[in-house]
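Given next are the chains, with one letter for each unit.
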Amino acid sequence: LMQAQRARANRDALAKALRDTGRARFATPRGAFYLFCAVDGVPDTRALAFRLVQEAKVGVAPGTAFGPGGARFVRMCFARDSGEIARASERLVDWLRRAS
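What counts, and at which threshold
- Residues numbered from 1 in each chain as written.
- Predicted model: local features only at pLDDT ≥ 70, side-chain atom pairs only at ≥ 80, totals over all residues.
- Heavy atoms only, no water.
- Core = buried A, V, L, I, M, F, W, Y, C linked by side-chain atoms within 4.5 Å.
- Buried < 20%, exposed > 50% of the residue type's maximum accessible area, 1.4 Å probe, protein only.
- Helix = DSSP H or I, 4+ residues; strand = E, 2+ residues; numbered from the N terminus.
- Contact = heavy atoms within 4.5 Å.
- Pairing = 2+ DSSP bridges.

## So, the nonpolar core
Consideration 1: Grouped together as the largest cluster of nonpolar side chains are 25 residues, with contacts concentrated most on Leu-18, Cys-37, Met-76 and Leu-92.
Consideration 2: Contributions of two or more residues to this core are made by helix H1 (2-21), strand E1 (24-26), strand E2 (34-39), helix H2 (45-56), strand E4 (74-77) and helix H3 (82-98).
Consideration 3: Sort the elements by how many residues they give to this core and H3 lands first, with 5 residues.
Consideration 4: Setting aside its immediate chain neighbours within four residues, Cys-37 contacts Leu-18, Ala-24, Arg-25, Phe-26, Arg-72, Phe-73, Val-74 and Met-76.

## A few points about the pairing of E4
Consideration 1: Judged by which residues are buried, E4 turns out to be one-sided: Val-74 and Met-76 face inward and are buried, whereas Arg-75 and Cys-77, on the alternate face, are not.
Consideration 2: Note that E2 and E4 share 4 bridges and pair antiparallel. In the sheet register, Cys-37 faces E4, and the bridge partner there is Val-74.
Consideration 3: In terms of strand pairing, strand E3 (residues 61-62) meets E4 through 2 bridges, oriented antiparallel. Its bridge partner lying in E4, Ala-61 is registered against Arg-75.

Following this line, the structure appears as C-alpha cells:
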C-alpha cells in the first residue's frame, strides 16, 4: 500500500510539473508507473530523449521504443524516490520552459 501511495504522489507531482510548463500533453495514468507525454513543438521525441538526458539530466524513453503509435511521445517513469522525482521534475520544467 505504501508503494502505491508513493507512486500516486509521484505521479501527481510529475503531472503538475508538466502541466505547469504549458507545453506538455498527456493523460494522467491510473494504474501504471509511467506517463506518456507529448511536448508541443517537438516532433522528434528520440532527439528529445537524448537532449533531456544530456541537458537536463532527466532520463526518458522515446515513444518509438513502444511502437509506431508512440512516435509523438516520451515515456517517463515515476517509480522512484519522491525526492528524485521532485528534483527531476524541477530540471525538466526548467528545460522545457527554456528550450525550443
